[in-house]
Amino acid sequence: MNKVKNRKGILIIAFVAASCMTFAQNGETNAKPELPVFTPESTSHDFGTIGENDGYAEHIFKFKNTGDAPLTVNRVLASCGCTRPEWTETPVEPGQEGIIIITFNPKGRLGNFNKSATVYTNEDNGYKRHKLTITGNVVEKPSDPYATYIDTIGGVGIEAKDLIYKNFNPEKTNRKAMYIKNYNAETVYFSWENVPEYISVNAPESLKADWPGEISVIIDGTKTAEKRGRTKDSFQWIIKNQDGNVLGSEDITATVNYIDDFKQLSPLQSVNAPHLEIKNSQLAFENIKTGILGLGGTASKEFILSNTGKSDLILHSVSSDDKRIHLPELKGKTIKAGESLNVKVTVKAKELLNSNIEDDIYVVCNDPKGPVRMVKVTAIKNK
């Protein structure tokens, strides 16, 4: 009797299980799960030929969510540091679009390139990956900078012929650059002569017709430890055509205020250091009269250098870049503590025929609190 009851119980359980399976197959629990689908318009882009100095190259990859659940781009990883990705970070609803921006930096990457970015989405529980690719060829042609070319040398425009290093660091390399542009109808070739051993010139060996370029002049401060005062170094730039004929040449100058290494001073030396004070730091020459037949005619003024410190003040140089400002030779001159020095400045009327003077006198000395000081000079010829 018990065996019959058990068999009936088993039959009832089997019937209930079969009914549940039938309900699962035919009911709502059998509905297809909703899933996102990442569908890009394209997976690759060819930039073609781009200039090394043309700036960042950018392409927008568009994609659409062709699934029936929100699509999320979790992250995008680039294969190289030269490639930067950005993307739509908010969920993209079914049927809607998103974007992935791939930016490539061509600087220093001449030649063909093939870079990729891996896109990670929330498909397949976050394990789905897609690959986007950018290709192209980087050439050396720079972009045309916004520059004013003050002169041409052998048909090549130049932004500046005198490079002034205002903040020179004696412990590092110091760089100044100038833009150039080849206005010739042919490629020109460059060479340099008489370059000091502590100066290096970074420039193209040649420049195609109508191409701009850049010249960098680098001064190695670690090789100039013995130099003091305002110094103007010059070296020659020679421009030739493909046949080797010289189209032009010019001296390029680098002007630097070489100062002492004050980091070597002890606290006691700093307290007892010299200190420069300048009286009459603005000299205005107005209505300078000419002499007989328009010649002669000079005017002079003075400024005063005083040492209010506790040790000798050494003048490394007292000079002006404008050669029409005449000064005595004071390089190496010493001013004792508590003493002063009157400096005479002379301007000649005949040297003002083409333009007035508006420039500075640079005083370079061993005052640790002010190693480079300036005196303003203006001069106007009498009309």
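Residues numbered from 1 in each chain as written. Predicted model: local features only at pLDDT ≥ 70, side-chain atom pairs only at ≥ 80, totals over all residues. Heavy atoms only, no water.

**Student:** What am I meant to see in the overall build of the protein chain here?
**Tutor:** The secondary structure content of the protein chain amounts to two helices and 26 strands. Relative to its full complement of 383 residues, the protein chain shows a buried share of 37%. Looking at the protein chain alone, contacts between residues at least 24 apart form 67% of all its contacts between residues at least 6 apart. Surface summary for the protein chain: the accessible area is close to 22500 Å², and the carbon and sulfur share equals 48%. (Helix = DSSP H or I, 4+ residues; strand = E, 2+ residues; numbered from the N terminus. Buried < 20%, exposed > 50% of the residue type's maximum accessible area, 1.4 Å probe, protein only. Contact = heavy atoms within 4.5 Å. Areas by Shrake-Rupley, 256 points an atom, 1.4 Å probe, with all protein chains shown as cover.)

**Student:** Honestly, the environment of serine 281 in this entry has me stumped. Any pointers?
**Tutor:** Relative to the assigned elements, serine 281 resides in the loop between β19 (276-279) and β20 (282-288). Among the residues examined, serine 281 registers a relative accessible area of 32% and is labelled partly exposed. Sequence separation of serine 281 and leucine 305 is 24 residues, and the distance between their C-alpha atoms is 9.6 Å. Those residues in contact with serine 281, other than ones at most four positions away along the chain, are Met374, Val375 and Lys376.

**Student:** So what exactly am I meant to see when it comes to the side chain of aspartate 360 here?
**Tutor:** Within the fold, aspartate 360 resides in strand β25 (residues 357-365). Despite being buried, aspartate 360 has no salt bridge partner; lysine 376 is the closest side chain of opposite charge, sitting 4.1 Å away. Beyond its immediate chain neighbours, meaning those up to four positions away, aspartate 360 contacts Ser319, Ser320, Asp321, Met374, Val375 and Lys376. (Lys, Arg positive; Asp, Glu negative; His and termini not counted. Salt bridge = Lys/Arg side-chain N within 4 Å of Asp/Glu carboxyl O.)

**Student:** Any chance you could explain the side chain of threonine 253 here in plain terms?
**Tutor:** Secondary-structure assignment places threonine 253 in strand β18 (residues 246-258). In this structure the side chain of threonine 253 is engaged in a polar contact, spanning 2.5 Å, whose partner is the side chain of aspartate 162. Threonine 253 has contacts with Lys161, Asp162, Leu163, Lys232, Asp233 and Ser234, leaving out every residue within four places of it along the chain. (Polar contact = N/O pair within 3.5 Å; in protein donor to acceptor, adjacent residues only side chain to side chain.)

**Student:** Before we go on, may I ask you to explain the packing of aromatic side chains in this structure?
**Tutor:** Throughout the structure, instances matching the rule amount to eight aromatic pairs. Between tryptophan 192 and phenylalanine 235, the ring centres sit 6.1 Å apart and the planes meet at 55°, which makes this aromatic pair tilted. Here tryptophan 192 is found in strand β13 (residues 188-193), whereas its partner phenylalanine 235 is found in strand β17 (residues 229-240), with 43 residues between them in sequence. In this structure tryptophan 192 comes out as partly exposed when scored by relative accessible area, which is 22%. One aromatic cluster in this structure is built from Phe190, Trp192, Phe235 and Trp237. The residue whose ring lies beneath arginine 230 is tyrosine 362, and the NZ or CZ to ring-centre distance is 3.5 Å. Directly above the ring of phenylalanine 285 sits lysine 301, whose terminal nitrogen or CZ lies 5.7 Å from the centroid. (Phe/Tyr/Trp six-rings, centres within 6.5 Å; stacked < 30°, edge-to-face > 60°. Lys NZ or Arg CZ within 6 Å of the ring centre and 35° of its normal.)

**Student:** Any chance you could explain the sheet that holds strand β11 (residues 162-165) here in plain terms?
**Tutor:** Strands belonging to one sheet form pairs held by backbone hydrogen bonds; the direction of such a pair is parallel or antiparallel. If you trace the five strands from one edge of the open sheet to the other, you get β11-β18-β17-β13-β15, paired in mixed fashion. Two strands bound the open sheet, and with one partner strand each, they are β11 and β15 (206-207). Note that β13 and β15 share two bridges and pair antiparallel. From the neighbouring strand, valine 188 faces β15, where its bridge partner is leucine 207. (Pairing = 2+ DSSP bridges.)

**Student:** Looking at this model, I keep getting lost on the pattern of salt bridges. Mind explaining?
**Tutor:** Any two side chains of opposite charge can pair, given that their charged atoms come close. For the structure shown, the criterion picks out 10 salt bridges. Lysine 232 is the partner of aspartate 162 in a salt bridge, and the nearest nitrogen-oxygen pair spans 2.9 Å. Remark: lysine 232 occurs in strand β17 and aspartate 162 occurs in strand β11; sequence separation between them is 70 residues. Residue lysine 232 is classed as partly exposed on the basis of its relative accessible area, which comes to 37%. Of the charged contacts in the structure, one is a salt bridge between aspartate 260 and arginine 228, with a shortest N-O distance of 3.1 Å. With aspartate 260 in the loop between β18 and α2 (267-271) and arginine 228 in the loop between β16 (212-220) and β17, the pair connects residues that are 32 residues apart, well separated along the chain. Look at arginine 228 and you get partly exposed, because its relative accessible area is 26%. Connected through shared salt-bridge partners, Asp151, Lys161 and Glu250 make up one network.

**Student:** Quick question: what am I supposed to make of the layout of surface pockets here?
**Tutor:** One water molecule sets the probe size; rolling that probe over the atoms shows where empty space is left. Considered as a void within the structure, the second largest pocket measures approximately 360 Å³ in volume. What lines the second largest pocket is a set of 21 residues, among which Val318, Ser319, Ser320, Lys323 and Glu329 lie closest to the centre. Looking at the lining of the second largest pocket, the elements that each hand over two or more residues are β17 and β22 (313-320). Looking at the lining of the second largest pocket, the element that brings in the most residues is β22, giving five residues. Split into classes, the residues belonging to the lining of the second largest pocket amount to five nonpolar, eight polar and eight charged. (1 Å grid on protein atoms, 1.4 Å probe; cavity = no way out; pocket = protein on both sides within 12 Å on 5 of 7 lines; lining within 4 Å. Points joined across faces, edges and corners; volume = space filled by probe spheres on them. Nonpolar A, V, L, I, M, F, W, Y, C, P; charged D, E, K, R; others polar.)

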